[in-house]
Amino acid sequence: MTDQSASAPILSVRGLTKTFRLHTLGGAEIRGCDGVSFDLAPGRFLALTGPNGSGKSSVLKCIYRTYLPTSGEIRYWPAEGPDVDLARADERRILVLRRREIGYVTQFLRVVPRVSVVDVVAEGLWHMGCDARTGRQVAREMLTRLEVRPHLWSVPPATFSGGEQQRVNLARALVLQPRLLLLDEPTASLDAAAVAVVIDLLRSLKTSGTAIIGVFHDVEPVRPLVDGIVRMQAGAGAIPAGRGHG
Amino acid sequence: MRAADLLVARRSGYNFAFLDEHSKREVRRALLKAVAIPGHQVPFAPRELPIALGWGTGGLQITLSLIGPRDVLKVIDQGSDDSVNAVNLRRLITRTTGVRTTTDTRRATIIQTRHRVPEESLRADQVLVFQVPYPEPLRRVEPSDVQTRRMHAEQDYSRLWVYLYEDIVRWGDVTIPHRYPVRVHGRYVMDPSPIPRWDVPKLHRSPTLGLFGAGREKRVYAIPPHTRVEPLEFDDHPFRVEDFGGERCRRCGSGRSFLSAIYDRATGRRYYVCSDTDYCERRIAGGAAQRAAAP
Amino acid sequence: MSIAPAPSAVPPAADAQPLLVLERLLKIYGEGCPDCVARTGPAAGTNVCPRCRSVVACGDLSLRLDPGEIFGIVGESGSGKSTLLRCLYFDETPTAGHAYLTPYEAGRVDVFAISPQRRRYVRHHLLGMVYQHPHLGLDLDTSAGGNIAEKMLMAGTRHVGRMRERARELLGRTEVPLDRMDEPPRRFSGGMQQRVQIAKTLANNPPLVLLDEVTTGQDVSVQARVLDLIRSLGRSLGLAMIAVSHDLGVIRLLAQRTAVMKNGRIVELGLTDQILEDPQHPYTQLLVSSQL
């Protein structure tokens, strides 16, 4: 369950369960995830694998608080201050953590009309207090690394291909260098070359201490980065497995 | 002679100064309130008069409420003692009081005026009574009485300021020729009646009590002596008075008084004379030497 | 202005102080009775008190807003969301409740209890409001620059040149052509009128801006432009905003936290993405599932 490295965890999940209650369907219940537990240390990469419907995305969304966990604990150690249970923390606290420390790459880029690619990527930096110019500069550098062609930078990404949009999506999160990074099928629409670039970026984030959890239906492309695997099963709890630990 | 005049007035069958004493007292009460709140419009209920509304009944009732046997009365209309309106008002007042009248501004104790302030500086022992057609300075920007009352109460004059701003943007300067809005005692914005801009600076810290009566609109207001009266102006567009372009009065040569333009049908040209007839006469009487020395 | 604190003073919070604290706002249209609040609301399915027939537009609403935060309020007609905004902007007088704004007397004085003159000060210096219909926030017959100047005049500015410069700056930011600055907005398109309204609202740099259905009824391209403008202004000026809309798409775009209102009550309050992806309350689930 726990990574064998000696460093203290940055994230500790215990008994995370998410059940959806659909009042529009007469109160029918749908299980998201059930009794998930794991620890994650800084600089470590944890992969969540499993078939569709096993609740992998639910785990991520519970950590990010897009979902309200039904039960369980999600203990996070922020850069400053005492540890906090993300499942129960005040929304305003969560917003601060999201802005500064916890990044989330969704499966698909949510497009905002009229905002250019550069601005999409730079926005998070601006919210952290970076000035407009520097923010755009850093954004361009990241876009270059992810091989998004420069002539697209001033265009809103609404008409991009899936792969290009996803690279913008990644750029937006990676440029903030979060302490905890949540990835939901980040490489699904990318070709091999792009995947290699992403792996490179993730590796350097790991080196600088970022803890990463990634949902993958196929772990193989990112296998070199992975330090631990949590295998999810539909309808039951998670079974952690993988290199070096049980 | 004066006693005889007073007797004639008594025999005319009217109470002294036409109004009954109780009405006069009520008007004085309203005036006291007006003096206590400089620039604030105080409602009052006008009385029936043998003069129609819109012809100076407000100013008249103030004068009638204040005047006593020893007062000396001057009545002017656009600066002139001789206009029909001034003559009629003066006649009514003297018929019912028998008081002395004068055209000499310096000798009057009560001066009732329509649309002008005398050129001569007034003193603390004089009262200047203004005839006011439209007491509400905010009427330009707000038709509703409920709103204007609220605006005065909350010192919300921004819509009036916007009006001035728009004038400046459109025409380069505020184009209001008379009834220029002023701020009294730093609090209420007031309409000084249709006096020209020329006369507005005379109100500022004047030693003379200024009383304003609007009979048709049923309001009185006041400027106590030595009160700040400041025209609304912007830092980069200060208030200016009329510029007569170097013209002088044809009769007395003054270049320092408010001039009326007269069209001479014979020559087809315009010439200027002092609007304040008393001031002009006195300058003429003052002689050639003074005329030469006038700036 | 040095003003003595009102009797119902609240001491400042121990942690970082929020910008706005709203406590138990109540707005009843009608006489009201002791049963009004208990017998109306989402559980009762109505705003109308069955006993006295008064309308409880807002019942017991409380919320806290941080500086620079964008807060969304979503609900259908009759939910009370617009009434809430109007009470905050003093367009309506609340029946009960308290509101504290940190920039005013360090958040110790209830702004619902102060005199009309002080309310005017708060309204013009600390708050901004953008209405759904531009004619509510603008004088359509005064020039665009004049509308902006009016805000500055209310704050005591008396310099025409400076006001025009500021107006140019604000109109530039809201993408209104400067050569139309001296034209009355009556001649503008709806979208441009809305942008002039936004420019006017920002004239005195208020820390809190209220947005009442600002894009409702507009063409999509106009909506997109206005929303983009609001987002970038909010970010560059650090404005806190409360955005009211019945459109979840607008809320998702603008707000970080959202409250869902029904029948004058808040039925759910949380992070916007949580409200939209994991709604808890039956009404929220209905709302989310009904959006096209």
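Just above, that's the structure.
Below is a short write-up of the structure. What you see is a predicted model; the values in this text were computed from it and never measured.

Turning next to the overall build of chain A. In terms of regular secondary structure, chain A is built from six helices and ten strands. The globule rule puts the C-alpha radius of gyration for 246 residues at 18 Å, and the 18 Å found for chain A is close to it. Seen along its three principal axes, the alpha-carbon backbone of chain A occupies a region of about 50 × 45 × 40 Å. Of all 246 residues assigned to chain A, the portion counted as buried reaches 54%. In chain A, the share of contacts with a sequence separation of at least 24, taken over all contacts with a separation of at least 6, comes to 67%. When the accessible area of chain A is evaluated, it comes to approximately 10700 Å², of which 51% is carbon and sulfur surface. Taken as two groups, the 30 positive and 24 negative side-chain charges of chain A have centres that lie 2 Å from each other.

A word on the pairing of strand β6 (residues 208–212) of chain C. Residues and elements named next belong to chain C. Burial analysis of β6 places five of its five residues in the buried class, the great majority of the element. Because side chains alternate across β6, one face comprises the buried residues Leu 208, Leu 210 and Asp 212, and the other comprises Val 209 and Leu 211, equally buried. Of the pairings in the sheet, the one linking β6 to strand β7 (residues 240–245) comprises five bridges and is parallel in character. Considered in β7, the bridge of Leu 210 is made with Ile 242.

Of all two pairs of chains sharing an interface, the pair with the highest contact count is chains A and C. Separated without contact, chain A and chain B have their nearest C-alpha atoms at a distance of 35 Å.

Residue and element names in this part refer to chain B. A sheet is described by the order of its strands in space; here seven strands give the open sequence β1-β9-β8-β5-β4-β2-β3, paired in mixed fashion. Two strands lie at the open edges of the sheet, namely β1 (42–43) and β3 (100–101), each paired on one side alone. Relative to strand β9 (residues 219–223), β1 runs antiparallel, the two sharing two bridges. Opposite Val 42, over in β9, you have Val 220 as the bridge partner. Across the sheet, helix α4 (residues 84–97) touches β2 (72–77), β3, β4 (110–114) and β5 (127–131), and the angle it forms with β2 is around 155°.

For the rest of this paragraph, the subject is the environment of A:Thr70. Residue placement: A:Thr70 occurs in the loop between α1 (56–64) and β4 (71–76). A C-alpha to C-alpha distance of 9.7 Å links A:Thr70 and A:Cys33, two positions 37 residues apart in sequence.

What follows deals with the side chain of C:Thr258. Residues and elements named next belong to chain C. Take Thr 258: it is sitting in strand β8 (residues 257–262). Judged by its relative accessible area of 1%, Thr 258 is buried. Among residues more than four places away in sequence, those in contact with Thr 258 are Phe 71, Gly 72, Val 74, Ile 251, Glu 268, Leu 269, Gly 270, Thr 272 and Ile 275.

Residue and element names in this part refer to chain C. Spatial ordering of the open sheet is given by β2-β1-β4, a layout of three strands whose pairing is antiparallel. Unpaired on one side and paired on the other, β2 (55–65) and β4 (96–101) mark the two borders of the sheet. Ignoring which end each strand starts from, the neighbouring axes of this sheet average 15° apart. Sheet analysis places strand β1 (residues 20–29) next to β2, joined by seven bridges and oriented antiparallel. Bridged to Val 21 within β2 is Arg 64. Against the sheet, helix α1 (residues 81–88) makes contact with β1 and β2, and its axis sits at roughly 115° relative to β1, the strand it touches most.

About the cut-offs
- Residues numbered from 1 in each chain as written.
- Chains lettered and ligands numbered in written order.
- Predicted model: local features only at pLDDT ≥ 70, side-chain atom pairs only at ≥ 80, totals over all residues.
- Heavy atoms only, no water.
- Helix = DSSP H or I, 4+ residues; strand = E, 2+ residues; numbered from the N terminus.
- Rg over C-alpha atoms; globule rule 2.2 N^0.38 Å.
- Buried < 20%, exposed > 50% of the residue type's maximum accessible area, 1.4 Å probe, protein only.
- Contact = heavy atoms within 4.5 Å.
- Areas by Shrake-Rupley, 256 points an atom, 1.4 Å probe, with all protein chains shown as cover.
- Lys, Arg positive; Asp, Glu negative; His and termini not counted.
- Charge placed at Lys NZ, Arg CZ, Asp CG, Glu CD.
- Pairing = 2+ DSSP bridges.
- Axes fitted to C-alpha atoms, helices over the stretch in contact; angles between N-to-C directions.

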